Amino acid sequence: MSELAGYYGRWEDAVPPSGGGELKIKVSREQVLQAHAIFRREGEQLRRELGALQDKLRVPPCGGDPVSEDTAVAMSWRFVDAPDSYHRRYLALAESFLATAEQLSVTAKEYGFTDDDIAGALKGYKRVD
């Protein structure tokens, strides 16, 4: 997600939303396709990685005793199952990235870009880590 850091200074909000709310950024015509590609790919990748990790975030009991079992349930709840679990928070962030990408797609069309231009930007996107 290093590419997203470059857009931090352009968010209209003083602080980006913590729970995956709407991001507001300013982009020029020259930046809109790249920004769309970055937010779209990062959102898709984060969502894929979270899907692969979901079961691995569940904590097995470290022993057969009741305390180990209760602790495993509590930790799994916090990591995955709770409405505000870490997994769900990151999933909300991924969805926020995808919603931002969709808004950038609309903006790109307002700037005069076509669907083919937008699709081409996605093909040309290369992740920088």
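How each quantity is defined
Residues numbered from 1 in each chain as written. Predicted model: local features only at pLDDT ≥ 70, side-chain atom pairs only at ≥ 80, totals over all residues. Heavy atoms only, no water. Core = buried A, V, L, I, M, F, W, Y, C linked by side-chain atoms within 4.5 Å. Buried < 20%, exposed > 50% of the residue type's maximum accessible area, 1.4 Å probe, protein only. Helix = DSSP H or I, 4+ residues; strand = E, 2+ residues; numbered from the N terminus. Contact = heavy atoms within 4.5 Å. Expected span 1.5 Å × (residues − 1). Arc of directions from axis to C-beta. Axes fitted to C-alpha atoms, helices over the stretch in contact; angles between N-to-C directions. Parallel < 35°, antiparallel > 145°, perpendicular 65-115°, else oblique. Left-handed = near helix turned anticlockwise from the far one by under 90°. Nonpolar A, V, L, I, M, F, W, Y, C, P; charged D, E, K, R; others polar. Phe/Tyr/Trp six-rings, centres within 6.5 Å; stacked < 30°, edge-to-face > 60°. pLDDT = per-residue confidence, 0-100.

(A) The arrangement of the nonpolar core in detail. By size, the foremost hydrophobic cluster in this structure holds 20 residues, and its most contacted members are Val27, Val32, Leu33, Phe39, Leu104 and Ala108. Those elements that place two or more of their residues in this core are helix H2 (29-53), helix H4 (86-110) and helix H5 (115-123). Excluding residues that lie within four positions of it along the chain, leucine 33 makes contacts with Ala108, Phe113, Asp117, Ile118 and Ala121.

(B) H2, seen in detail. Here H2 spans 37 Å end to end across 25 residues, near enough to the 36 Å set by a 1.5 Å rise per residue. Along H2, the positions that sit buried rather than exposed are Val32, Leu33, Ala35, His36, Ala37, Ile38, Phe39, Glu42, Gly43, Glu44, Leu46 and Leu50.

(C) Representation of H5 in the model. Among the residues of H5, Ile118, Ala121 and Leu122 are the ones counted as buried. Across the axial projection of H5, the buried residues extend over an arc of 100°, all falling on one side. Opposite its buried face, H5 presents the exposed residues Asp116 and Lys123, each directed more than 90 degrees away. Packed against the buried residues of H5 are H2 and H4.

(D) Quick look at the packing of H2 against H4. Packing of H2 against H4 leaves a shortest axis separation of 8 Å and a crossing angle of 155°. Judged by the inter-axis angle, H2 sits roughly antiparallel to H4. Classified by chirality, the crossing of H4 by H2 is left-handed. When the residues that make up the contact of H2 with H4 are grouped by side-chain class, the tally is 15 nonpolar, six polar and five charged.

(E) Main features of the packing of aromatic side chains. With the rule as written, the count across this model stands at two aromatic pairs. Consider the rings of phenylalanine 39 and phenylalanine 97, whose centres lie 5.9 Å apart with planes at 75°: the pair is edge-to-face. Highlighted residues: phenylalanine 39 in helix H2 and phenylalanine 97 in helix H4, separated in sequence by 58 residues. Under the relative-accessibility criterion, phenylalanine 39 is labelled buried at 0%. Classification of phenylalanine 97 as buried rests on a relative accessible area of 6%.

(F) Inspection of the confidence of the model for the protein chain at higher detail. Taken over all residues, the pLDDT of the protein chain has a mean of 84, while the share at 70 or more is 78%. Mean pLDDT across the elements of the protein chain bottoms out in helix H1 (residues 2-5) (54) and peaks in helix H3 (residues 66-81) (95).

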